[in-house]
Amino acid sequence: MSASQTSSSDVPTLLVKIFGKDRPGITAGLFDTLAAYSVDVVDIEQVVTRGRMVLCALVTEPPPGLEGDLRATVHSWAESMKMQAEIISGLGDNRPRGLGRSLVTVLGHPLTSEATAAVTARITRTGGNIDRIFRLAKYPVTAVEFAVSGVETEPLRTALAPDAAKLGIDVAVVAAGLYRRAQRLVVMDVDSTLIQDEVIELFAAHAGCEDKVAEVTAAAMRGELDFEQSLHARVALLEGLDASVVDKVRSEVRLTPGARTLIRTLKRLGFQVGVVSGGFTQVTGDLKERLGLDFAHANTLEIVDGRLTGKVTGEIVDRAGKARLLRRFAAEAGVPLSQTVAIGDGANDLDMLNAAGLGVAFNAKPVVREAAHTAVNFPFLDTVLYLLGVTREEVEAADTLDTV
């Protein structure tokens, strides 16, 4: 059989493993040593953890009669660098990855060994194989990404969800490949998602009816009341309020921690970002301008002769309306719906979360966490970046560009 007919799995190879204290020049030194034996590089993997390096090089077998000399030379070089070496003979490359490839992102604060054991064991029981593990962030949460093959994304997501809830961690499962990198539109809810407040409650505080409005808001967010009816009931309580209150409410709005970082990083990555809200354009318009958002849509408080009438004008942005707006924004942005991300916390966000390619329940009510593709239960909105494969180092590196 000619060399061209020989299967790559039959080609003799050597796995050269170097491990020890990391320092500059180790990788260059190893391959400079191997170069004397005319071997070809098949694969390279390197990881550094707390200053300790593990470098693996898979290379073709050297010409006949030289393997023993290669082994002795590599071990001698490693010893001179105060490293250890291990060389294993074998055939071919890594075995092919199984069908069905997913990325499993695990967020913990802290990420315990118990939680890690449970997640990895569940992956194994579903028939999945962990091909690679990579840390995305070490603060404000620990975020680790597992590349998994051998099981389809949806069954894996379903299998891991109960473990996440029981262990108090967040687990996101998305399909691997170009699909993940191509997500180019993020749409989020406003109240208790982009901002820490419920805007109508800020208005209600100025009208002296905060407690009554809060009761109706809570019931609506739990899905116990029809959103449109509850909206009209709450807005009616604001009748007669002076329109100057709008500026006061805008100044009282508090962004969720990490909101600016999330939006700034997404924009640098080329994403388009929008908001949809059951709140009011009097606030979302200001947020759009301040944060450089591409899209914003909400209900509009009617103002006549300088006072709120207790009514809203135009089409109501309710649960179904948010999903329609997600589709509209996607069409205007030229982004397939499968490549969108939606973020929300309440029952009126569910249609939007389910319509998006990735629906993220952010510090959400139980009914929302159970129905969304994934959940984030940490109070930092920029942790959503980790679900998109963006590392903390990349976020910080991008931030320094503005200061150079």
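Bear in mind the structure is a predicted one, so any value in this text is a computation, not a measurement.

How each quantity is defined
Every residue gets a number counted from 1 within its own chain, in the order that chain's sequence is written. Only residues with pLDDT of at least 70 are given local features in this predicted model, and only at 80 or more are side-chain atom pairs given and counted; all residues enter the totals for whole chains, interfaces and linings. With hydrogens and water stripped out, all remaining heavy atoms of the structure feed into the side-chain values. Buried Ala, Val, Leu, Ile, Met, Phe, Trp, Tyr and Cys residues form a nonpolar core when they are joined through side-chain atoms within 4.5 Å. Partly exposed residues are those whose accessible area sits between 20% and 50% of the maximum for their type, while under 20% is buried and over 50% is exposed, using a 1.4 Å probe and protein chains only. Here a helix means four or more residues in a row that DSSP labels H or I, a strand means two or more in a row labelled E, and each is numbered from the N terminus. Residue ranges assigned to each domain were obtained from an automatic or database domain assignment. UniProt positions are given in the numbering used here, feature names are shortened, and annotations may be inferred rather than shown by experiment. Grid points spaced at 1 Å over the protein atoms alone were grouped into cavities, where a 1.4 Å probe fits but cannot get out, and pockets, open sets with protein on both sides within 12 Å along at least five of seven lines, with lining residues defined by an atom within 4 Å of a point. Residues are treated as being in contact if the distance between any of their heavy atoms lies within 4.5 Å. Pairing between strands requires that DSSP locate at least two bridges from one strand to the other. Here an axis means a line fitted to C-alpha atoms, over the contact stretch when the element is a helix, while the angle between two N-to-C directions is reported on a 0 to 180 degree scale.

Another point: the nonpolar core. The nonpolar side chains of a soluble globular protein tend to be buried with one another. Counting residues in hydrophobic clusters, the biggest one holds 62 residues, and the most contacted among them are M188, L194, F203, F280, L287 and I343. A per-element tally of this core places helix α6 (residues 199–207) first, with five residues. Built from parts of two domains, this core gets at least three residues from each of domain 2 (101–176) and domain 3 (185–403). Among the nonpolar cores identified, the runner-up in size contains 22 residues, and V187, A330, A342 and A375 belong to it.

A few words now on the UniProt feature "active site" (unreviewed entry) in the protein. In the numbering used here, UniProt assigns the feature "active site" (unreviewed entry) to D189 and D191. Of the annotated positions named here, the largest cavity is lined by D189 and D191. Residue D189 is classed as buried on the basis of its relative accessible area of 4%. In contact with D189, other than residues within four places in its own chain, are L194, V276, S277, K322, I343, G344, D345, D349 and M352. Look past the residues within four positions of D191 in its chain and what remains in contact with it is D197, E198, V199, I200, S277 and D345.

Right, let's get into the sheet that holds strand β12 (residues 307–313). Pairing is mixed across the open sheet formed by seven strands, whose spatial order is β12-β11-β10-β9-β13-β14-β15. Each having just a single partner strand, β12 and β15 (374–376) make up the two edges of the open sheet. Here the average twist between neighbouring strands, direction ignored, is 25°. In the sheet, strand β9 (residues 185–188) pairs with strand β10 (residues 272–280) via four bridges, with the strands oriented parallel. In the sheet register, V187 faces β10, and the bridge partner there is G274.

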